[in-house]
Amino acid sequence: MNDIKVELRDIRKTFGSVEALKGASLTARRGEVTAIVGDNGAGKSTLVKCLTGLITPDSGTITIDGKDVRFSSPKHARAAGIETVYQDLALSDQLSIWQNLYMDRELTAGIGPLRFLRRGEMKREAHRLVADLAVNVPSVTRPVKRLSGGQRQAVAIARGVMWARGLIILDEPTAALGLRETAQVEGLIRRVVDAGETVLVVSHNFEQVKRLSSQVWVMRAGNVVQGVRTEDVSGEELVGLVTGAITAV
Amino acid sequence: MSTQTSPVDTTNPITASTRTLRRRLANEDLWTRATAPVALVLLTVTFTIVNPKFLTWPSLTSMLADSTIPIVLALGATFAVTLAGIDLSLASTVALGSVTMGLAYQAGLPLWLCCLVAMATGLSVGALNGVIIGWVRIPDFIVTLGSMSLVMGLSLIFSQGKPVQIPERALTFVSITSVGGIRFNFLIALAIGVLLHIVLFHTRFGTHLLAVGDNPDAARAMGLKVARVKLAGYVICGLMGGVGAVLLTSYIGSSQPATNTDYLLKAIAAVVLGGVSLFGGRATIIGPILGAILLTFLQSGLTLVGVSAFYSPLVIGIVVIAAAMLMRGRK
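Source: prediction; values computed, not measured.

1. Some details on the nonpolar core
- Residues I71(B), M101(B), L196(B), L200(B), I285(B), I293(B) and F297(B) are the most contacted members of the largest nonpolar core, which totals 85 residues.
- Per-element accounting of this core gives the leading share, 11 residues, to helix α13 (residues 226-252) of chain B.
- The contacts of M101(B), once residues within four sequence positions are left out, are C114(B), C115(B), V117(B), A118(B), I166(B), L171(B), V246(B) and T249(B).
- Within the second largest apolar cluster, 47 residues are counted, among which are V37(A), I97(A), A156(A) and V233(A).

2. Structural notes on the sheet that holds strand β3 (residues 33-38) of chain A
Residue and element names in this part refer to chain A.
- The sheet built from 6 strands is open, its strands ordered β6-β9-β10-β3-β11-β12 with mixed pairing. Either end of the sheet is taken by a strand with one partner, and the two such strands are β6 (82-85) and β12 (223-229). Averaged over neighbouring strand pairs, the angle between their axes works out to 20° when direction is ignored.
- Two strands pair when backbone bridges link them, and β6 and strand β9 (residues 167-171) are joined in this way by 4 bridges, in the parallel orientation. Within β9, the residue paired with T84 across the bridge is I169.
- Lying on the sheet, helix α1 (residues 44-52) is in contact with β3, β6, β9, β10 (198-202), β11 (215-220) and β12; it crosses β9 at an angle near 150°.
- Most of the contacts of helix α6 (residues 179-194) go to β10, to which it runs at about 150°, and overall it touches β3, β9 and β10.

3. Some remarks on unusual backbone geometry
Residues and elements named next belong to chain A.
- If you check the backbone angles, D65 has positive phi at about 50° while not being a glycine.
- Of note, D65 is situated in the loop between β4 (59-64) and β5 (67-69).
- A relative accessible area of 38% means that D65 is categorised as partly exposed.

4. A closer look at the interface of chain A and chain B
- Taken together, the contact pairs 33 residues of chain A with 30 residues of chain B.
- The interface formed by chain A and chain B contains 2 salt bridges.
- For the pair chain A and chain B, the number of links is 11 residue pairs in polar contact (both at pLDDT 80 or more).
- Secondary structure elements with two or more residues in the side of chain A that touches chain B: α2 (74-79), β8 (114-117) and α4 (119-132) of chain A.
- In terms of residue class, the side of chain A that touches chain B is built from 13 nonpolar, 7 polar and 13 charged.

5. Examining the pattern of salt bridges
- The full count for this structure, using the stated rule, is 18 salt bridges over all chains.
- In this structure, the salt-bridge partner of R152(A) is D93(A), at a minimum N-O distance of 2.7 Å. A residue pair is termed long-range when its members are at least 10 positions apart, and R152(A) in helix α5 (residues 149-163) and D93(A) in the loop between β6 and α3 (97-101) qualify at 59 residues.
- Residue R152(A) is classed as buried on the basis of its relative accessible area, which comes to 17%.
- Here the salt bridges share partners, and the residues they tie into one network are K75(A), R78(A), D104(A), E106(A) and R204(B).

6. A closer look at helix α7 (residues 111-136) of chain B
All names here are of chain B.
- Between its first and last C-alpha atoms α7 spans 37 Å; for 26 residues at 1.5 Å apiece the expected length is 38 Å, and the two agree.
- When we look at burial in α7, the residues that qualify are L111, C114, C115, A118, T121, G122, V125, G126, N129, G130, I133 and G134.
- Buried-residue contacts for α7 involve α6 (90-106), α8 (140-159), α9 (169-176) and α13.
- Phi turns positive one or two residues past the end of α7, at R137, with a value near 55°.

7. Things to note about the sheet that holds strand β2 (residues 18-29) of chain A
Residues and elements named next belong to chain A.
- The 4 strands lie next to each other as β2-β1-β4-β5, forming an open sheet whose pairing is antiparallel. Either end of the sheet is taken by a strand with one partner, and the two such strands are β2 and β5. Going across the sheet, the axis of each strand differs from the next one's by a mean of 25°, ignoring polarity.
- Two strands pair when backbone bridges link them, and strand β1 (residues 4-15) and β2 are joined in this way by 9 bridges, in the antiparallel orientation. Note on β2: the bridge partner recorded for E7 is T27.
- Each of β1, β2 and β4 touches α1; the most contacted strand, β1, lies at about 115° to it.

8. What about the packing of aromatic side chains?
Residues and elements named next belong to chain B.
- Enumeration according to the criterion identifies 4 aromatic pairs over all chains in this entry.
- When the ring of F47 is compared with that of F54, the centres are 5.2 Å apart and the planes differ by 35°; the resulting orientation is tilted.
- Residue classification places F47 among the buried positions, given a relative accessible area of 9%.
- In this structure F54 comes out as buried when scored by relative accessible area, which is 1%.
- Taken together, the ring pairs connect F47, F54 and F297 into an aromatic cluster.

9. Thoughts on the packing of helix α14 (residues 261-273) of chain B against helix α15 (residues 286-304) of chain B
Residue and element names in this part refer to chain B.
- Between α14 and α15, the shortest axis-to-axis distance is 7 Å and the interhelical angle comes to 125°. On the basis of the axis angle, α14 is oblique to α15. Judged by the twist between their axes, the crossing of α14 over α15 is right-handed. Along its contact with α14, which presents D262, K266, A269, A270, V271 and L273, the element α15 presents G287, P288, G291, A292, L294, L295 and Q299.
- A class-by-class count of the residues in the contact of α14 with α15 yields 8 nonpolar, 3 polar and 2 charged.

10. Considerations on the environment of V72(B)
All names here are of chain B.
- Along the chain, V72 turns up in helix α5 (residues 68-82).
- For V72, a relative accessible area of 0% corresponds to the buried category.
- Each C-alpha atom, one on V72 and one on L247, is 9.2 Å from the other, the two residues being 175 residues apart in sequence.
- Every residue in contact with V72, bar those within four places of it in the chain, is listed here: A189, I192, M240, V243, G244 and L247.

Definitions and cut-offs
- Residues numbered from 1 in each chain as written.
- Chains lettered and ligands numbered in written order.
- Predicted model: local features only at pLDDT ≥ 70, side-chain atom pairs only at ≥ 80, totals over all residues.
- Heavy atoms only, no water.
- Core = buried A, V, L, I, M, F, W, Y, C linked by side-chain atoms within 4.5 Å.
- Buried < 20%, exposed > 50% of the residue type's maximum accessible area, 1.4 Å probe, protein only.
- Helix = DSSP H or I, 4+ residues; strand = E, 2+ residues; numbered from the N terminus.
- Contact = heavy atoms within 4.5 Å.
- Pairing = 2+ DSSP bridges.
- Axes fitted to C-alpha atoms, helices over the stretch in contact; angles between N-to-C directions.
- Salt bridge = Lys/Arg side-chain N within 4 Å of Asp/Glu carboxyl O.
- Polar contact = N/O pair within 3.5 Å; in protein donor to acceptor, adjacent residues only side chain to side chain.
- Nonpolar A, V, L, I, M, F, W, Y, C, P; charged D, E, K, R; others polar.
- Expected span 1.5 Å × (residues − 1).
- Phe/Tyr/Trp six-rings, centres within 6.5 Å; stacked < 30°, edge-to-face > 60°.
- Parallel < 35°, antiparallel > 145°, perpendicular 65-115°, else oblique.
- Left-handed = near helix turned anticlockwise from the far one by under 90°.

Okay, structure coming up:
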């Protein structure tokens, strides 16, 4: 079981009278892309939020590198090396690219209350990072709101890559993007995986899941109903599994 | 850098430079930042043409001294507005701080301690606002509308509406003494401005304040403690109200129990003129300072050219709405 990076077992979560997760379980292997697919309301986002610390599950266990973990805030998840790129990107529009890349992890110099930002160093490092990842953005001092959708997504992913130590979670990474931008973001994801990171991706786009992932988990009505290797399943079969038209492949 | 450049830019430098120029002019930041300085220059030129006395050193330095309290309050309001909020209680905080300072003086406390009491009063009002806005999650407008009346009431109750004379030379010193004509109180306001500039742009807290003001949900997702950041922002705002109270008491020589709502209006107006986004997340320190100076110049200038003081709120109101519309038009 050495190649299992993350394991979620029997995760349950109820919001008021709504059972969002009814004992969902899945695993993600180290160094590959694992996809979670499912219809709206199937519980994908809730499950992912349990892993990122935004939601604390009512019951169930989360294991990372074989160790049980319990996250009660995004900070804990990040401390465990998990970075998340949210569907709504979680970027501060009016702040610059470098400020977003270093958000809440700013480099400072000084002691006690007299700690000042190392602005120059952060700008230089941010510049190097976007260049290394071949992210196509203008100067890192530009505010994020001036970027295109693809560039924004690239910045969000770059931030994940910059800080992740082992696992990056992408929630609908290309939902709002055009074809060309989608291809660029997918290229970026591939480079990240080739560099040894484990990626968990939530997607509506079955073609994309086929292109990117090695393993796919299907969610329906708060449960993970099927897990298959991507190469063993066709696009139509995935659609069938998601809608419940077919129950297994 | 993998900046994408179209072939036109590299082959034709003239097209490229006009393009850069056009992009700069289309940049709304430039316009919002330019509003206060450009208006200040236009205003100074206009008033000087009508009455050359406007642009004399004694007149300028006296107007700058008058702008001290508006500057300090505008700096405080900047921190609330950067959080996409507002602090309507700012002017009554000045009154309450002045009252507690007078009471402390009556109780026989040393002057420096009286000043600290005024600042602590402002800080407490800010903390009250911040806690209710951050944790109880009631909109800032309602919270500070309530605390405005609450604080106003407290200062009337504590003082019984009566001012306390503070005949201390050390206190009036800052309002009277000058360095080369520039009064101490104005220099104090500038020093506070420098300090707050460092806080806003060179500390982690400043970045977090901008991020929370820009988008609280994104900030929360990044692990920022949104409520705590808001509390700190309102505490700074309240503290500036306390500093304003000390400066006002120093200026007048006695405590001032009555709330002067003109201070609130001017502070918010200066922030808007200074190009700080009312929707949060974008701020400067120099902008509100220039905005406050602009409004003071406007008021003094109108008096100097013989316009009745009754017109001054009207003109300030028009200027503020025009500035806000200008910014909106650039979006």
